[in-house]
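In case you want the letters, here they are:
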4 protein chains.
Amino acid sequence: MARTADTAWLDKSIAAKRGTGWGDKARLHELTEATQGKYLYTIGPYSDPVLSVTPGDRIRVETRDAFEGAIRNESDKPTERLRMPFVNPQNGPIMIEGAEPGDAIAVHIESMVPRGQNPCGTCCMIPYFGALTGTSLTATLHDPLPELTRKIHVDEHKVRWSERVTLPYSPHIGTLSTSPEIDSINSLTPDNHGGNMDLPDMGPGSITYLPVRVPGARLFIGDAHACQGDGELCGTAVEYPSTTTIRVDLIKGWTLDWPRLEREDFIMAIGSARPLEDATRIAYRELVLWMEAEYGFNRWDAYMMLSQCGKVRLGNFVDPKYTVGAAIPKKYLAPAS
Amino acid sequence: MARTADTAWLDKSIAAKRGTGWGDKARLHELTEATQGKYLYTIGPYSDPVLSVTPGDRIRVETRDAFEGAIRNESDKPTERLRMPFVNPQNGPIMIEGAEPGDAIAVHIESMVPRGQNPCGTCCMIPYFGALTGTSLTATLHDPLPELTRKIHVDEHKVRWSERVTLPYSPHIGTLSTSPEIDSINSLTPDNHGGNMDLPDMGPGSITYLPVRVPGARLFIGDAHACQGDGELCGTAVEYPSTTTIRVDLIKGWTLDWPRLEREDFIMAIGSARPLEDATRIAYRELVLWMEAEYGFNRWDAYMMLSQCGKVRLGNFVDPKYTVGAAIPKKYLAPAS
Amino acid sequence: MARTADTAWLDKSIAAKRGTGWGDKARLHELTEATQGKYLYTIGPYSDPVLSVTPGDRIRVETRDAFEGAIRNESDKPTERLRMPFVNPQNGPIMIEGAEPGDAIAVHIESMVPRGQNPCGTCCMIPYFGALTGTSLTATLHDPLPELTRKIHVDEHKVRWSERVTLPYSPHIGTLSTSPEIDSINSLTPDNHGGNMDLPDMGPGSITYLPVRVPGARLFIGDAHACQGDGELCGTAVEYPSTTTIRVDLIKGWTLDWPRLEREDFIMAIGSARPLEDATRIAYRELVLWMEAEYGFNRWDAYMMLSQCGKVRLGNFVDPKYTVGAAIPKKYLAPAS
Amino acid sequence: MARTADTAWLDKSIAAKRGTGWGDKARLHELTEATQGKYLYTIGPYSDPVLSVTPGDRIRVETRDAFEGAIRNESDKPTERLRMPFVNPQNGPIMIEGAEPGDAIAVHIESMVPRGQNPCGTCCMIPYFGALTGTSLTATLHDPLPELTRKIHVDEHKVRWSERVTLPYSPHIGTLSTSPEIDSINSLTPDNHGGNMDLPDMGPGSITYLPVRVPGARLFIGDAHACQGDGELCGTAVEYPSTTTIRVDLIKGWTLDWPRLEREDFIMAIGSARPLEDATRIAYRELVLWMEAEYGFNRWDAYMMLSQCGKVRLGNFVDPKYTVGAAIPKKYLAPAS
């Protein structure tokens, strides 16, 4: 694939340097609604593959929105249209040829385009779900907050939030995973296999690195967001159906405990846990160890230096586990001259 | 089964009043090591049943210890003998005839007897596991605490902890579950399907009520403890192989969000979550709603009254989720005279 | 003071063995409402002493209820009668002669007797305060739960909760403190100086050990509860005015990081923090180190043994910090024979 | 004061619109080391004022570094040079004329200049303090991480972290407070009075709004950082002595529950609590209510919209309470056209 100015950095990415397939002969696969057939709500080793690809291949994926299209207009109530745990439908599993436990896969998101007729974006307040409400876990005796639905015009430039406010189109994938070794985890929950991380950085221009824990890796993808604030406060982003094009590579022998992410200007380690400080601890510890293992920093130097220049992104603090990314600009990783 | 003084209360239990099979014609099933064959490390709908029983039946189960017998003497190191996530082996799944989503099953533990030659009890300090150490989730940069193994004589009267200290034999089941609807959850993690709750109350003389979320309920059982303190501080109890005899009943149409437990003198609601206050909130909210639904208390009266007489049991605060039981003595539930 | 069967153990207590004044010549001081004058709402080094005592002396203290008597009948609303932070009034500071930073003081609660006309007990649901509601810290957008007041008959035998339920009189002191070194902390918040721990074990028959951080220790006491469940669920116990008789001793050179408690049959270390697992970690770590320092246990033996026989008491999980006691029965502390 | 391009926005700030003194006649006060005399370690109503100013006045403050200069070279060990709680020395209290409970004060930071000879910056790893270590609250049985000191060249352009890495000079004030009503809180702990928030946004070009809870407000300031990453990972930033120039204004009748911050392009609400999700909940709830009260948003619209465009800044997750700022760009607050 020819590199534009925006994608030139990919040739210097970790995937390019370590991967097995990131060449010019990428084949393009289509994973349409029809090909996918039944979307999945749990991420694990027990479902049937829908596609098998060679490292370096590209896949154009038709993702459904997190409500699987069931919320059609602003009078639709989530409690009447949805049944837990059948939300956040996933495409996949996609098998990556040659992937074995102990490897990593790289998922480069090339582009995300809205699908379907407008208003194709949906945001809901769902009873007992969200950050500023009692929930099934932060259990209270309160009546629920109002149940509300918002339908939103989304195109490749903008998100028309309201008459008053228009937001930029800032697409990203909310849920991206490989399979756990023996567990199957609902698509609402992030963990060390990836899952529902809801990180705004995980859009076009990013490469996400995921651990391989079963043969073929079993890649799952879904939950496109047209935009999302830090923390996904009310529990839902601007959820929309997308055509997302990714390119997948395989990195042999790179064993990851948690997902990682790379963009042109920074690297990020990702942790998902409760309470939120544990998610943050995981992300930063992984980043310290990464700087030590790959960029030649002394461990304590990395720890003290991140205290001066580390960047934290709050993915969500509404899911069953919360997600935090800890990042450092690449410019601070340059070798001593 | 004839009731002794100790078991007379069972005839007034919730299971006796609501169940379908708690009669005198209990059949006894054997679930031996040989019958079980391969023990399981994940609890879900994707494994093959090993047994099917009628409500009211009894089952004598040969449980393996949490290390599946791999820690044989005090020089055995957990990191050399164990590979995650293959710990805490479970018997099952056992199908309960007639159980359908929306029902509950009742598991009465009749007796627990040690199996195998002494010292059959094992307690380990496992690196980065336990309450007073950095862990995979409460991530730190510390070196691990020492890795230690203790082999312990266990019989039906006592646990010989050391030359200095002998503890009473206080057996209970650490892990008891039905299947989630679509997820499969490793046997180390408790959640609203039960799982690794590590509640010392869950021994002989207890009835545990679990939600049915798939046809047949799919009961899993394992992780016998000869004794355990509140919180399971170092991460492991006195783990031992047992012959545990249970009786299983079916309660149609009793839909539970979380497990519950009954003993002669109290009822208990159980929550599992992080942080620990969320586990406690869940348990107490379930107890308030239980008092309201079944014992005729006004909701706010129940809430304020538990503020005066509620009892909290910390199961564990070392597992991927922590477990708390909130209880009230039955004597305070008597109807107004 | 002559020992009865119930108090004989005091002669073998830590205070008796290490203290300076626990003899037979106890003087009795009266700290009445009149003597106290203005009750205090913050615990620190900046207030004027109301009394000075010699180690070994007894003090009969007239405590006010946590609402300082402002909630007189069931139609009184807390939001109309109370103004934060002017709740939980404290008696004191009482100076302990000879107490210096690095010492500990021992507070033996001898008796607690209700004062005033019945119904002298009060329990309230206060908006945005309690365990099953959004609060000022666990911030939500919910409307408050109902604001309710309960007036309760309390005598030395019983607490008449309702027509339906009578609870046993189980008195204890909710708030007991020495002064921090330079901070002054509101009386609602527990911390390593003691404070609003709300531990049901802290009643007659207990000795609480508190760190001395300023000359004279500056003892504060208040917040009598006629009974309280684990966790103080709705945020308030059966709050009542009491005559509480304590005896105070001084232990030179016993430097405590956190409060400790002793009863006839167990010792307990106390931690206060958020989240709740941190309070529990503190309490258990202090207990491990205590067993090592004073009872001859190897550190790792103590850690693993508490995993089998430790007991946890949840004081409150409603205050600005939560309180947990971790205990071990004295019988397991006996030296090897 | 004449406005440059950079400061023109100040004339449209909340302080300019609501304040009483933000005019052109600012008097400049000097609060030098000599004027300050004894620096303070606790923030409350019990200390003697060092200065009194009129709303609109400017103050040039000589802050000391968080170690009060005791760490002079890289061989100095924090445990040998520091004694808790005597760290993080504060200037103040400064009385603001006319400030009464229920008002707010505005603190505009105009400039921050390093003081003293280089290397004037200090960063330490202090035993049991920091995010990736067991601490006094997240109590473990680990040995401490290494105790390390780093002395760093700081000037108005750069922070020379190491031979390999130079960071931009990004000064901000770590600790800024008014006085609580009756408590006095150590300068290490942030809370709803401000305190040790460690927010990198609180530098030149920011206005911080703080609640007035005692007559005169009693302003405290200290803890300058030459730069700091999100979370202040190892527990310390590049701590340095500064000359910080602020301008103070008074806003009558603006009653704040928590501190707030304004910069040219965004407004931010600030919460400090544990666990970290509670700090985040506070910040976001305050921001929702702020948008409702002052910018004409419907509450649920604000809640759902922040789910799409809210920004979270992690101040610290190492202090006794953690600090989070939740922000929204001003461009989204513009009235409907």
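On a predicted model such as this, the values are computed, not experimentally measured, just so you know.

Asks: Kindly report on the overall build of chain A, identifying the contributing residues and their values.
Replies: The number of helices and strands found in chain A is five helices and 20 strands. Scaling as 2.2 N^0.38, a compact globule of 337 residues should have a C-alpha radius of gyration of about 20 Å, and chain A matches this with 19 Å. The principal-axis extent of the C-alpha atoms belonging to chain A is close to 60 × 45 × 40 Å. Buried residues in chain A amount to 66% of all 337 residues. For chain A, the accessible surface area stands at approximately 10,900 Å², while carbon and sulfur atoms represent 49% of it. Each charge class in chain A was averaged separately, 35 positive and 43 negative side chains, and the resulting centres sit 2 Å apart.

Asks: A description of the interface of chain A and chain D should follow, citing residues and the corresponding values.
Replies: Contacts between chain A and chain D engage 61 residues on the former and 61 residues on the latter. One can count two salt bridges joining chain A with chain D. The shortest N-O distance in the salt bridge between Asp301(A) and Arg150(D) comes to 3.1 Å. Viewed at the interface, chain D and chain A are joined by 38 residue pairs in polar contact (both at pLDDT 80 or more).

Asks: Hey, could you go over helix α5 (residues 299–309) of chain A for me, with residue numbers and the actual values?
Replies: Counting buried positions over the eleven residues of α5(A) gives ten, a clear majority of the element. Three or more residues of α5(A) are buried, namely Trp300(A), Asp301(A), Ala302(A), Tyr303(A), Met304(A), Met305(A), Leu306(A), Ser307(A), Gln308(A) and Cys309(A). Against α4 (276–295), β19 (311–316) and β20 (322–329) of chain A together with β7 (121–125), β8 (148–154) and β10 (166–168) of chain D lie the buried residues of α5(A). Near the N-terminus of α5(A), the side chain that reaches the backbone nitrogen of Trp300(A), with its oxygen 2.8 Å away, is that of Asn298(A).

Asks: Please set out the environment of Arg281(D) residue by residue, giving values where relevant.
Replies: Mapped onto the elements, Arg281(D) comes out in helix α4 (residues 276–295). Every residue in contact with Arg281(D), bar those within four places of it in the chain, is listed here: Ala131(A), Leu132(A), Thr138(A), Phe317(A), Tyr322(A), Thr138(C) and Ala139(C).

Asks: Kindly report on the pattern of salt bridges, identifying the contributing residues and their values.
Replies: Applying the stated criterion to the full structure yields 88 salt bridges over all chains. Between Arg83(D) and Glu181(C) there is a salt bridge, with the nearest N and O atoms lying 2.7 Å from each other. Of this pair, Arg83(D) sits in the loop between α3 (78–81) and β5 (90–96) while Glu181(C) sits in the loop between β11 (172–177) and β12 (185–186), which puts the two residues in different chains. Owing to a relative accessible area of 48%, Arg83(D) belongs among the partly exposed residues under this scheme. Several salt bridges converge on common partners, so that one network encompasses Glu33(A), Glu62(A), Arg64(A), Glu68(A) and Arg115(A).

Asks: Quick one: what's the story with the pairing of strand β14 (residues 207–211) of chain B, residue by residue and with numbers?
Replies: Each regular strand displays side chains that alternate between the two surfaces of the sheet. Residues and elements named next belong to chain B. Counting buried positions over the five residues of β14 gives five, a clear majority of the element. When strand β6 (residues 104–114) meets β14, the two strands line up antiparallel, connected through five bridges. Looking across to β14, one finds that Val107 is bridged to Thr208. Where β14 meets strand β17 (residues 260–262), three bridges bridge the pair, whose relative direction is antiparallel. By the bridge assignment for β17, Ile207 is matched with Glu262.

Asks: Outline the interface of chain D and chain C, listing residues and values.
Replies: Between chain D and chain C, the residue contacts involve 33 residues of the former and 33 residues of the latter. Summing the contributions of chain D and of chain C, the shared interface buries around 2,700 Å²; its carbon and sulfur component is 61%. Among the residues chain D hides against chain C, the three largest losses belong to Leu141(D), Ile182(D) and Arg285(D). Together they make up 24% of the total. At the surface where chain D touches chain C, the tally comes to four salt bridges. Between Asp278(C) and Arg274(D) there is a salt bridge whose closest N-O contact spans 3.6 Å. Linking chain D to chain C there are nine residue pairs in polar contact (both at pLDDT 80 or more). When residues of the side of chain D that touches chain C are traced back to their parent elements, those giving at least two are β12 (185–186), α4 and α5 (299–309) of chain D. Per-element accounting of the side of chain D that touches chain C gives the leading share, six residues, to α4(D). Looking at the side of chain D that touches chain C residue by residue, the class counts come to 18 nonpolar, seven polar and eight charged.

Asks: With reference to specific residues and values, describe the sheet that holds strand β7 (residues 121–125) of chain B.
Replies: Residues and elements named next belong to chain B. With antiparallel pairing, the four strands of this open sheet are ordered in space as β7-β8-β9-β10. Each edge of the sheet is formed by a strand with only one pairing partner; in this case those strands are β7 and β10 (166–168). The mean inter-strand angle of the sheet, taken between neighbouring strand axes irrespective of direction, is 30 degrees. Alignment of strand β9 (residues 158–160) against β10, held across three bridges, turns out to be antiparallel. Across the sheet, residue Arg160 finds its bridge partner in β10, namely Thr166.

Asks: Give a description of the relation of the copies chain A and chain D that names residues and reports values.
Replies: Between the two copies, chain A and chain D, the superposition gives an RMSD of 0.0 Å; the rotation angle is 180 degrees and the shift along the axis is 0.0 Å. Read as a symmetry element, the transformation amounts to a two-fold axis. Relative to the rotation axis, the C-alpha of Leu276(A) is the closest in chain A, positioned 2.7 Å from it. Here 100% of the interface residues in chain A have copies in chain D that are interface residues too; the copies meet face to matching face.

Asks: Provide a residue-level description of α4(D), including the pertinent values.
Replies: Residue and element names in this part refer to chain D. Here α4 spans 28 Å end to end across 20 residues, near enough to the 28 Å set by a 1.5 Å rise per residue. Burial within α4 is extensive, with 15 of its 20 residues counted as buried. Looking one or two residues past α4, Gly296 carries a phi angle of roughly 75 degrees, positive in sign.

Asks: Give me the lowdown on the state of the cysteines, citing residues and values where you can.
Replies: Evaluated as defined, the whole model comprises zero disulfides over all chains. A disulfide-free cysteine, Cys227(A) has its sulfur positioned 7.6 Å from the sulfur of Cys309(D), the nearest such atom. Given the relative accessible area of 2%, Cys227(A) is considered buried. Lacking any disulfide linkage, Cys124(D) is separated from the closest cysteine sulfur, that of Cys123(D), by 6.6 Å.

Asks: Give a description of the packing of α4(A) against α5(A) that names residues and reports values.
Replies: Residue and element names in this part refer to chain A. Two numbers describe how α4 lies on α5: the axes approach to 9 Å, and their chain directions differ by 130 degrees. As the angle between them shows, α4 and α5 are arranged oblique. Of the two elements, α4 crosses α5, and the hand of that crossing is right-handed. Between α4, through Tyr284, Leu287, Val288, Leu289, Met291 and Glu292, and α5, the contact on the second element is made entirely by Arg299, Ala302, Tyr303, Met305 and Leu306. Looking at the contact of α4 with α5 residue by residue, the classes come out as nine nonpolar, no polar and two charged.

Asks: Tell me about the packing of aromatic side chains, and please be specific about residues and values.
Replies: For the structure shown, the criterion picks out 26 aromatic pairs over all chains. Note on Tyr209(B) and Trp254(B): the rings are 5.3 Å apart at their centroids and 80 degrees apart in plane angle, and the pair reads as edge-to-face. With Tyr209(B) in strand β14 and Trp254(B) in the loop between β16 (242–251) and β17, the pair connects residues that are 45 residues apart, well separated along the chain. The burial state of Tyr209(B) is the same as that of Trp254(B); both residues are buried. Judged by centre distance (6.3 Å) and plane angle (15 degrees), the rings of Tyr284(B) and Phe317(C) are stacked. Residue Tyr284(B) is found in helix α4 (residues 276–295), and its partner Phe317(C) is found in the loop between β19 (311–316) and β20 (322–329); the two belong to separate chains. Each of the two residues, Tyr284(B) as well as Phe317(C), counts as buried. Three or more aromatic residues joined by ring pairs make a cluster, and in this case those are Tyr209(A), Trp254(A) and Trp290(A). Here the basic side chain of Arg164(C) rests over the ring of Phe297(B), its NZ or CZ set 3.7 Å away from the ring centre. In this structure, Arg260(D) packs its charged tip against the face of Trp290(D), placed 4.5 Å from the ring centre.

Asks: Quick one: what's the story with the side chain of Arg260(C), residue by residue and with numbers?
Replies: With respect to the helices and strands, the residue Arg260(C) is situated in strand β17 (residues 260–262). Discounting chain neighbours no more than four positions away, the residues touching Arg260(C) are Ile207(C), Thr208(C), Tyr209(C), Trp254(C), Met268(C), Ala269(C), Ile270(C), Glu286(C), Trp290(C) and Glu294(C).

Asks: Talk me through the domain arrangement of chain A; I want residue IDs and the actual numbers.
Replies: Residue and element names in this part refer to chain A. Each assigned domain of chain A is listed with its residue range as follows: domain 1 (8–256) and domain 2 (266–333). Computed over C-alpha atoms, the centres of domain 1 and domain 2 are 22 Å apart. At the junction of the two partners, domain 1 supplies 27 residues and domain 2 supplies 20 residues. A per-residue breakdown of the area domain 1 buries against domain 2 is headed by Leu199, Asp201 and Gly231, which together make up 24% of the total. Connecting domain 1 to domain 2 are four salt bridges. A salt bridge links Arg18 to Glu294, with the nearest nitrogen and oxygen atoms 2.9 Å apart. Joining domain 1 to domain 2, the criterion identifies eleven residue pairs in polar contact (both at pLDDT 80 or more). The residue makeup of the side of domain 1 that touches domain 2, split by class, is 13 nonpolar, eight polar and six charged.

About the cut-offs
Residues numbered from 1 in each chain as written. Chains lettered and ligands numbered in written order. Predicted model: local features only at pLDDT ≥ 70, side-chain atom pairs only at ≥ 80, totals over all residues. Heavy atoms only, no water. Helix = DSSP H or I, 4+ residues; strand = E, 2+ residues; numbered from the N terminus. Rg over C-alpha atoms; globule rule 2.2 N^0.38 Å. Buried < 20%, exposed > 50% of the residue type's maximum accessible area, 1.4 Å probe, protein only. Areas by Shrake-Rupley, 256 points an atom, 1.4 Å probe, with all protein chains shown as cover. Lys, Arg positive; Asp, Glu negative; His and termini not counted. Charge placed at Lys NZ, Arg CZ, Asp CG, Glu CD. Contact = heavy atoms within 4.5 Å. Salt bridge = Lys/Arg side-chain N within 4 Å of Asp/Glu carboxyl O. Polar contact = N/O pair within 3.5 Å; in protein donor to acceptor, adjacent residues only side chain to side chain. Pairing = 2+ DSSP bridges. Buried area = accessible area lost by both parts, 1.4 Å probe. Nonpolar A, V, L, I, M, F, W, Y, C, P; charged D, E, K, R; others polar. Axes fitted to C-alpha atoms, helices over the stretch in contact; angles between N-to-C directions. Least-squares fit on C-alpha atoms with pLDDT ≥ 70 in both. Expected span 1.5 Å × (residues − 1). Disulfide = S-S within 2.5 Å. Parallel < 35°, antiparallel > 145°, perpendicular 65-115°, else oblique. Left-handed = near helix turned anticlockwise from the far one by under 90°. Phe/Tyr/Trp six-rings, centres within 6.5 Å; stacked < 30°, edge-to-face > 60°. Lys NZ or Arg CZ within 6 Å of the ring centre and 35° of its normal. Domains from an automatic or database assignment.

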